[in-house]
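Coordinate inspection notes
Letter by letter, the chains look like this.
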Amino acid sequence: MGVGFPGPGRRADAADAILFTLAVLVFSTGASMTFSELGAIRAAARRMAIVLPVTTVGLPVLAWLASRLVSACPARRHPVGGYRATEVASVA
């Protein structure tokens, strides 16, 4: 949709609507957690200490590599677009 109809996305990006939407998604994810789920996170702290840095570095690298697979795609000219999709996927 973004390649075929770039206008709405560009307008939303110019108005910082994408940043606002991501902030709402992150807040909603955190607000929907119960105290027992927070306790489970504490129990998994060692795994998270490994997973978080690996995904923080690894997902943007994978997005950049994926943007190198195509030659004429806007993701190749503007690889930041690939990072946004990766960021949303990592929050999910």
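Residues numbered from 1 in each chain as written. Predicted model: local features only at pLDDT ≥ 70, side-chain atom pairs only at ≥ 80, totals over all residues. Heavy atoms only, no water.

Time to look at the overall build of the protein. Helix and strand content of the protein: six helices and zero strands. Counted from the first residue to the last, the protein has its helices and strands arranged as α-α-α-α-α-α. Carbon together with sulfur atoms contributes 71% to the accessible area of the protein, which is approximately 7,300 Å² in total. (Helix = DSSP H or I, 4+ residues; strand = E, 2+ residues; numbered from the N terminus. Areas by Shrake-Rupley, 256 points an atom, 1.4 Å probe, with all protein chains shown as cover.)

Taken over all residues, the pLDDT of the protein has a mean of 75, while the share at 70 or more is 74%. Ranking the elements of the protein by mean pLDDT puts helix 5 (residues 74-77) last, at 53, and helix 4 (residues 45-67) first, at 83. (pLDDT = per-residue confidence, 0-100.)

Here we come to a nonpolar patch on the surface. A contiguous nonpolar surface patch, about 540 Å² in accessible area, is contributed by Met33, Phe35, Leu38, Ile41, Met48 and Leu52. If you list the elements that add at least two residues to the nonpolar patch, you get helix 3 (35-43) and helix 4. When residues of the nonpolar patch are assigned to their parent elements, the largest contribution, three residues, is made by helix 3. With respect to the helices and strands, Met33 occurs in the loop between helix 2 (17-31) and helix 3. (Patch = residues over 30% accessible without salt bridge, like charges linked within 9 Å, V, L, I, M, F, W, Y side chains within 5 Å. Salt bridge = Lys/Arg side-chain N within 4 Å of Asp/Glu carboxyl O.)

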